[in-house]
Amino acid sequence: MRIAGFDIGGANTDLAVVELDESGNLLKLATDFSYLPMWRRKEDLSDVLKELLEPFDEVDAVGISMTAELVDAYKTKTEGVIDIATKSNDAFEVPVAFVGLEGMMSLKNVLNEPMKAAAANWIATAPLAAKIKPDTILLDTGSTTTDIIPIKNGNECAKGRSDLERLQTGELVYSGTLRTNVAALVEKVPLNNTMARVASELFAITADMHMVLGNITKKNYTGDTMDGAGKSIKDCRRRISRVVCGDLDVLGTDEIENISAYICSEQVRKISEALKEVSNRNHLYHVVTTGLGMDIIASRACELAGLDFTAMDKILKKEDCVNAPAVGTALLMGEYLDKKNLEGFKGL
């Protein structure tokens, strides 16, 4: 059986295609993604889903998880969930189901209880972490956010059940590898033996900072730049210099790298602080790291928190860890189909 799993985010839509044997064991896995800024191009969603899947052989079913309902193109999250679910369902002729807080949901169930499918992609990722260790914390640092999900006896046990609640419990940190405004991470940065206050403008994002430090490559820098310019190291340095109202005439390479290193350390510190909060509350002292920031942010946050960790590339290829929620979505869809009769499934 071949299953597609999509994770539809506000900026990126990720795809995983899994091939399963009759017992549900994973035989093959392939992943891909497309940059789709839903706040500008939500009407393109159906086409992008089909285009992503086009290079792959025909699939038997499609699973969907989402976080894009939060984009401000939608007046409410309910409106976003319903629009995304409807467009996704209409894009395919095969059975489609959606990741919800209590498992997979049919379109009918999503339309009746849309908030159960809102921002639930971590529900799909947690079982992957549990395969590595049944009592652990999932630490998934993506392009935009970091999920910190406690797992006991192989099952997620997050205290918060929505983004709003998880922001209160430390289980969600709105800080990621690429898209975070650096001015949201720091109030001051080191400069010329002083601490300079930063400009609260959207001059630079964490992708610029990580490019300057050599943590990511140009290929990893998906999405738009804040000034509409390029993604070279020089472009990124210029954007970082703007954070203190400078430019490349005013600041040298060493100064910009020092500023970037400080911002990075603050990003790690804040994620580590939330990780310790979740660890102490749940008495869990092991972490499974994944996501684009697995090696450059998540692992450092674990070290700072004094927690043992295992990277998810123990069970997945490193490049597939970036799309872990999509992988988990495809696998959950496979389990869901085991409980359903494919014939007549569409639209239930």
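Structural notes, computed from the coordinates. (Residues numbered from 1 in each chain as written. Predicted model: local features only at pLDDT ≥ 70, side-chain atom pairs only at ≥ 80, totals over all residues. Heavy atoms only, no water.)

1. Digging into the overall build of the protein
For the protein, the count of helices and strands is twelve helices and 14 strands. For the protein, the C-alpha atoms occupy an extent of roughly 70 × 45 × 35 Å along the three principal directions. When burial is assessed residue by residue, the protein has 54% of its 348 residues classed as buried. A separation threshold of at least 6 residues defines the contact pool for the protein, and within that pool the share at least 24 residues apart is 63%. In the form shown here, the protein has an accessible surface area of approximately 15300 Å², with 47% of it arising from carbon and sulfur atoms. Distance between charge centroids for the protein: 4 Å, based on 39 positive and 52 negative side chains. (Helix = DSSP H or I, 4+ residues; strand = E, 2+ residues; numbered from the N terminus. Buried < 20%, exposed > 50% of the residue type's maximum accessible area, 1.4 Å probe, protein only. Contact = heavy atoms within 4.5 Å. Areas by Shrake-Rupley, 256 points an atom, 1.4 Å probe, with all protein chains shown as cover. Lys, Arg positive; Asp, Glu negative; His and termini not counted. Charge placed at Lys NZ, Arg CZ, Asp CG, Glu CD.)

2. Overview of helix α10 (residues 294-305)
Along α10, the positions that sit buried rather than exposed are M294, I296, I297, A298, S299, A301, C302 and A305. Buried-residue contacts for α10 involve β7 (136-141), α7 (206-212), α9 (253-282), β13 (286-290), β14 (308-311) and α11 (318-321). The first or second residue beyond α10 is G306, which carries a positive phi of 75°.

3. Regarding the packing of helix α2 (residues 45-53) against helix α3 (residues 77-90)
Where α2 meets α3, the closest approach of the two axes is 9 Å, and the angle between their N-to-C directions is 45°. In terms of axis orientation, α2 runs oblique to α3. In this structure, α2 meets α3 at a crossing whose hand is right-handed. Residue-level contacts link L45, S46 and L49 of α2 to I84, K87 and S88 of α3. When grouped by side-chain class, the residues that make up the contact of α2 with α3 number three nonpolar, two polar and one charged. (Axes fitted to C-alpha atoms, helices over the stretch in contact; angles between N-to-C directions. Parallel < 35°, antiparallel > 145°, perpendicular 65-115°, else oblique. Left-handed = near helix turned anticlockwise from the far one by under 90°. Nonpolar A, V, L, I, M, F, W, Y, C, P; charged D, E, K, R; others polar.)

4. Digging into the nonpolar core
L139, I148, I259, I263 and L275 are the most contacted members of the largest nonpolar core, which has 43 residues in total. The element that contributes the greatest number of residues to this core is α9, accounting for nine residues. Setting aside its immediate chain neighbours within four residues, I263 contacts V182, L185, V186, V189 and M209. Counting 37 residues, the second largest nonpolar core, distinct from the first, contains A61, V288, A330 and L332. (Core = buried A, V, L, I, M, F, W, Y, C linked by side-chain atoms within 4.5 Å.)

5. Remarks on the packing of aromatic side chains
Here the structure, examined in full by the defined rule, presents one aromatic pair. Taken together, a centroid distance of 5.8 Å and an interplanar angle of 25° make the contact between F6 and F92 stacked. Of this pair, F6 sits in strand β1 (residues 2-8) while F92 sits in the loop between α3 and β5 (96-100), and the two are 86 residues apart along the sequence. Summarising the burial analysis for this pair, F6 and F92 share the class buried. (Phe/Tyr/Trp six-rings, centres within 6.5 Å; stacked < 30°, edge-to-face > 60°.)

6. Let's talk about the sheet that holds β5
Taken in spatial order, the six strands make up an open sheet running β3-β2-β1-β4-β5-β6, and their pairing is mixed. The sheet is open, and its two borders are formed by β3 (26-35) and β6 (103-105), each paired with just one other strand. Neighbour-to-neighbour, the strand axes of this sheet turn through a mean angle of 25°, independent of strand direction. One ladder, built from three bridges, connects strand β4 (residues 61-66) with β5; its direction is parallel. Paired with V62 across the strands is V96, a residue of β5. In the packing of α3 onto the sheet, contacts are made with β1, β4 and β5, and the angle to β5 comes to roughly 150°. Helix-sheet contacts for helix α5 (residues 121-132) involve β1, β4 and β5, and the interaxial angle to β5 is about 85°. (Pairing = 2+ DSSP bridges.)

7. A few points about the pattern of salt bridges
The full count for this structure, using the stated rule, is 23 salt bridges. The partner of R166 in a salt bridge is D147, and the shortest N-O contact between them spans 2.9 Å. On the criterion of sequence distance, the pair formed by R166 in helix α6 (residues 163-169) and D147 in strand β8 (residues 146-152) is long-range, its members being 19 residues apart. Exposure remark for D147: the relative accessible area of 7% places this residue in the buried category. Within the structure, one salt-bridge network assembled from shared partners comprises D208, D227, D235, R238 and R239. (Salt bridge = Lys/Arg side-chain N within 4 Å of Asp/Glu carboxyl O.)

8. Thoughts on the packing of α9 against α10
Closest axis-to-axis distance for the α9/α10 pair is 8 Å, and the angle between their directions is 60°. The angle between α9 and α10 falls in the class oblique. The handedness of the crossing between α9 and α10 is right-handed. Residues C264, S265, Q267, V268, R269, I271, S272, L275 and K276 of α9 pack against I296, I297, R300, A301, C302, L304 and A305 of α10. Tallied by class, residues from the contact of α9 with α10 come to ten nonpolar, three polar and three charged.

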